[in-house]
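Chain by chain, the residues:
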Amino acid sequence: MVRSVRASQKGLEKATAAFDISGKTKEYIAGASKCSRPTLDKFFNRISIDKKIFIAICETLELDWREIGELDTSEQSQLENQAINELVEEIRAAVRKSVEEECGTMQVLDMTRPIELNDIYTQVNILEKIIGRRGFNVEQLLANCNLEDFDRFGLGRIEQQRISGLSAVNQYQKLMILGKPGAGKTTFLKYLAIQCNRGKFAEEKVPIFIPLKKYAETEGQPNIQSYIYWWFRDCGIDSAPAKIVKILGAGRGLILFDGLDEVREEDNQRVIRNIEDFYRLCSKTSSKNQFAITCRIAAREYTFTQFTEVEVADFDQDQIETFVTGWFEIKHQPDYIQHFMEQLQANLTIRELANNPLLLTLLCLEFEESGSFPSDRAELYARATNTLLRKWDHTRYIFRQQVYQDLTVKRKEGLLSQVAFQTFDNKEYFFKQRTIEGYIGEYISNLPNSPTEQTALDIDSQAVLKSIEAQHGLLVERARGIYSFSHLTFQEYFTARKIATISNPKLLETALTNLASHVTEKRWREVFLLTAAMLEPADRLLILMKQQIDQLIASDKDLQQLLIRVKDKSNSVEADYKIVAIRAFYLHIYATLKFSPDFDHFLCLHLSLDFNLSRSLSRFRSPSLNLSRSLDLDLFRDLSLNLYFNRSSDLFRDLSCSLSCTVARCKDQEFKPILEKLQQQLPARDQDREHWEQWWESYGAAWREELRQAMIKYRNIGHQWSFSQEQIDLLNQYLAANQLLVDCLNSQCYVSREVRAEIENTLLLPFEH
């Protein structure tokens, strides 16, 4: 409602002339118009006055007020703003159905039905500095990684500040959003469109979502203005051209261009030119329109002027949990949420994949079938790489230009396997661009129709590298001119694939022998497990591993004597378990005191060797030592005594309560009285901590020595081994390598019964020359 009006310049001239002709005084005009003289003076000085009074003055002067007056600037602005707000609401209501259909759901990979975007959407984070443009060197990228203990999550993790995606859109008027394949770029843009249209984000604007592949392939190759006009028209909006001009002229457009990388090569330059022309046209009429474009990293060399480039960050732990929670709540499987997260935390290699939304979706799909991740990780990684190499584009009908027509998906797998093996074998987790281009050039030089000139080959190698980075995201630029696999898991998988797919028997034997030589190196662990899973059968690899492990301590007489003692002790007890599990059990008993204070660490091996034994031994993790009755008497007593012998005074008091149980189960009439005597020497359990510590300081050493001598005499355990630190380290390597061998046996690898039996029967035995 207009409340105030003032005379225009021409209107004032007409009013002044009418006043002069009338011969009336200003007091008369004011009285006749029922206003004060100062108000009449404002009229003749072009100052805004109340609309009713303005009309009355004009009628007294026998003038049409519409020809005399003009709206006040602020009033005019208010009216225009109100009109544009009404137009925004009108258009948003008209396009709501179209926006919801285009952006409101997601259905990817093997999902059998679409799901609501808002039900699964996880807020994305943005890096304001592109990772691949950082000025780091290889040493800086490895700075946070403990290569001795192989901290795979430390590789290249140089933290940089993140901001939320919504904050980035609010902060930057024109935004180029870059990201790896499956990083969530399209989902983010769809979320913006939905939230805007529902009035929950940029509520004063109209969302205009343009899938660039669809736009580029529209019949007639329209410019962007025409494409938007047609969209408005299809949504039932009358006078679409005029209305879109008003919207964009008022700066009320939220224009979202999705998937620049998905545009065909032949359409690329035209689409880029049309985008530039469109945002320049919009900028001439208003600087308040907002623009966002999504594109894969390295997919386009072109830079849009005036656009700020940012990168979608990998999912962090909170985002992963948010996504997983939404996923399984939609699937009506809320019990899976905690199981999923627990298993993810326990499996470092699978956890690496979860920071990519697309691969996290794949993991959720796999998990919902059985409530666990596939036991065959090689098959899981094969599906993950297939998703990135082929399926992700195929399901969306995107066919990208092939740099090399002969570089099929199968050959890309071969190329990646070759690159992975060479870099991993050389301990290269990050490699300079020229190095990886050399590996690529070496591979493609053997393909049909490859160039013979080195210059052309170098150009093609660079193009192939950029193509794999942009189209599949399996190789990524971590810093300027420095590359790596997007996940260490993929480098390990393709390294294993390179070995497992060798068809020549002699070359395969050489490769397996070389692999077995790395059996003590922690960084090769996953490669062993994956290679064993891919080989059919895995017999030869496991035999070579066993031979390599036995050779580790074959020449050390002291360690061989330890294994002899373990063998003899294991053969002397009566227990209903696999003999190899009993050997592992007693190796733990002999080694716990000297080699590791970590009780659980030495339990790992025999927990892997016999399910029944593992079930019994799991009860020993509690300091109260509530021993399972299913554990055989000999094993029960020896483990109990070893625990007493190795505990500090702090824990000794807690363990003493179960010594009576050990005594009660002891059947040896010579050994039992000694245990009873030792039990009687202990302070009463109701004594305070200070009393126990004083007793331990005064009598603990002698008490332990008496127990040790009794253990040696009656149980043949408790011997003190005088090993050097070098021997201790060697034994730890031996134990870890055997654990790896057992893990391979327990995995999904195909191995003959004969080889499995041979390995189990000879595991942890002294080396026989």
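For the structure, check the block above.
Heads up: these notes are all about the structure in this document. All values derive from a computational prediction rather than experimental measurement. (Residues numbered from 1 in each chain as written. Predicted model: local features only at pLDDT ≥ 70, side-chain atom pairs only at ≥ 80, totals over all residues. Heavy atoms only, no water.)

### Things to note about the overall build of the protein chain
(1) Moving on: When helices and strands are tallied, the protein chain shows 37 helices and 15 strands.
(2) Moving on: The burial tally for the protein chain puts 53% of its 769 residues in the buried class.
(3) Moving on: When contacts within the protein chain are restricted to residue pairs at least 6 apart in sequence, those whose partners lie at least 24 apart make up 73%.
(4) Moving on: As presented, the protein chain carries roughly 36100 Å² of accessible surface, and 46% of it is formed by carbon and sulfur atoms. (Helix = DSSP H or I, 4+ residues; strand = E, 2+ residues; numbered from the N terminus. Buried < 20%, exposed > 50% of the residue type's maximum accessible area, 1.4 Å probe, protein only. Contact = heavy atoms within 4.5 Å. Areas by Shrake-Rupley, 256 points an atom, 1.4 Å probe, with all protein chains shown as cover.)

### Some details on the sheet that holds strand β8 (residues 174–179)
(1) Moving on: Pairing is mixed across the open sheet formed by seven strands, whose spatial order is β7-β6-β12-β8-β11-β10-β9. Among the strands making up the open sheet, the edge pair consists of β7 (162–164) and β9 (206–211). Within this sheet the neighbouring strands show an average axis-to-axis angle of 30 degrees, counted without direction.
(2) Moving on: Here β9 pairs with strand β10 (residues 253–258) via six bridges, running parallel. Considered in β10, the bridge of Ile208 is made with Ile255. (Pairing = 2+ DSSP bridges. Axes fitted to C-alpha atoms, helices over the stretch in contact; angles between N-to-C directions.)

### Comments concerning empty space enclosed by the protein
(1) Moving on: All told, the structure shown has three cavities of 30 Å³ or more when counted by the stated rule.
(2) Moving on: In this structure, the largest cavity occupies an estimated 110 Å³ of space.
(3) Moving on: Taken together, Ile131, Gly132, Lys180, Pro181, Ile297, Glu311, Glu469, Gly473, Val476, Glu477 and Arg478 make up the full set of residues lining the largest cavity.
(4) Moving on: Counting residues per element, the lining of the largest cavity draws most heavily on strand β14 (residues 475–479), at three residues.
(5) Moving on: Among the residues forming the lining of the largest cavity, the class breakdown is four nonpolar, two polar and five charged.
(6) Moving on: Empty space within the second largest cavity amounts to approximately 60 Å³.
(7) Moving on: Lining the second largest cavity, in full, are Lys180, Pro181, Asn356, Leu359, Leu388, His472, Gly473, Ser486 and His487.
(8) Moving on: A per-class count over the lining of the second largest cavity returns three nonpolar, five polar and one charged. (1 Å grid on protein atoms, 1.4 Å probe; cavity = no way out; pocket = protein on both sides within 12 Å on 5 of 7 lines; lining within 4 Å. Points joined across faces, edges and corners; volume = space filled by probe spheres on them. Nonpolar A, V, L, I, M, F, W, Y, C, P; charged D, E, K, R; others polar.)

### What about the nonpolar core?
(1) Moving on: Formed by 191 residues in total, the largest nonpolar core has its most connected members in Ile210, Phe257, Leu260, Ile275 and Phe340.
(2) Moving on: If one sorts the elements of this core by residue count, helix α36 (residues 725–746) sits on top with 11 residues.
(3) Moving on: Setting aside residues up to four positions removed in sequence, Ile210 forms contacts with Tyr215, Ile224, Tyr227, Ile228, Ile255, Leu256, Phe257 and Asp258.
(4) Moving on: By size, the runner-up hydrophobic cluster in this structure holds 18 residues, among which are Phe19, Cys35, Phe43 and Ile68. (Core = buried A, V, L, I, M, F, W, Y, C linked by side-chain atoms within 4.5 Å.)

### Side note on the pairing of strand β12 (residues 308–312)
(1) Moving on: Extensive coverage of β12 is indicated by the burial of four of its five residues.
(2) Moving on: Here β8 pairs with β12 via four bridges, running parallel. Across the sheet, the residue bridging to Leu175 is Thr308, located in β12.

### Focus on the environment of Asn732
(1) Moving on: With respect to the helices, strands and loops of the structure, Asn732 is situated in helix α36.
(2) Moving on: In the structure, Asn732 is positioned 212 residues away from Thr520 in sequence and 9.7 Å away in space, judged by C-alpha atoms.

### Quick look at the packing of helix α20 (residues 409–425) against helix α21 (residues 433–444)
(1) Moving on: Put simply, α20 and α21 touch, their axes get as near as 10 Å, and they point 135 degrees apart. Overall, the two elements α20 and α21 adopt an arrangement that is oblique. Where α20 crosses over α21, the two elements pack in a sense that is right-handed. Residues Arg411, Gly414, Leu415, Gln418, Val419, Gln422 and Thr423 of α20 form the contact with α21, whose own contacting residues are Ile436, Tyr439, Ile440, Glu442 and Tyr443.
(2) Moving on: Residue composition of the contact of α20 with α21, by class: six nonpolar, four polar and two charged. (Parallel < 35°, antiparallel > 145°, perpendicular 65-115°, else oblique. Left-handed = near helix turned anticlockwise from the far one by under 90°.)

### Some words on the packing of aromatic side chains
(1) Moving on: What the rule picks out here adds up to 28 aromatic pairs.
(2) Moving on: For the pair Phe315 and Phe323, a centre-to-centre distance of 6.4 Å together with 55 degrees between the ring planes defines the contact as tilted. The two residues Phe315 and Phe323 agree in class, both being buried.
(3) Moving on: On the numbers, 5.0 Å between centres and 65 degrees between planes, the contact of Phe367 with Phe373 is edge-to-face.
(4) Moving on: The exposure class assigned to Phe373 is buried, which follows from its relative accessible area of 9%.
(5) Moving on: Connected via pairs of aromatic rings, a cluster forms that spans Phe257, Phe278, Tyr279, Phe291, Phe304 and Phe307.
(6) Moving on: The residue whose ring lies beneath Lys26 is Phe44, and the NZ or CZ to ring-centre distance is 5.0 Å.
(7) Moving on: In this structure, Arg523 is placed above the aromatic ring of Phe424, and the distance from its NZ or CZ to the ring centre is 4.6 Å. (Phe/Tyr/Trp six-rings, centres within 6.5 Å; stacked < 30°, edge-to-face > 60°. Lys NZ or Arg CZ within 6 Å of the ring centre and 35° of its normal.)

### A short note on the pattern of salt bridges
(1) Moving on: Taken as a whole and judged by the stated rule, the model has 32 salt bridges.
(2) Moving on: Here Arg46 ties to Glu70 by a salt bridge, and the two come within 3.0 Å at their closest N and O atoms. Of this pair, Arg46 sits in the loop between α3 (37–44) and β2 (49–50) while Glu70 sits in strand β3 (residues 69–71); the two residues are 24 residues apart in sequence, bridging distant segments of the chain.
(3) Moving on: Residue Glu70 is classed as partly exposed on the basis of its relative accessible area of 26%. (Salt bridge = Lys/Arg side-chain N within 4 Å of Asp/Glu carboxyl O.)

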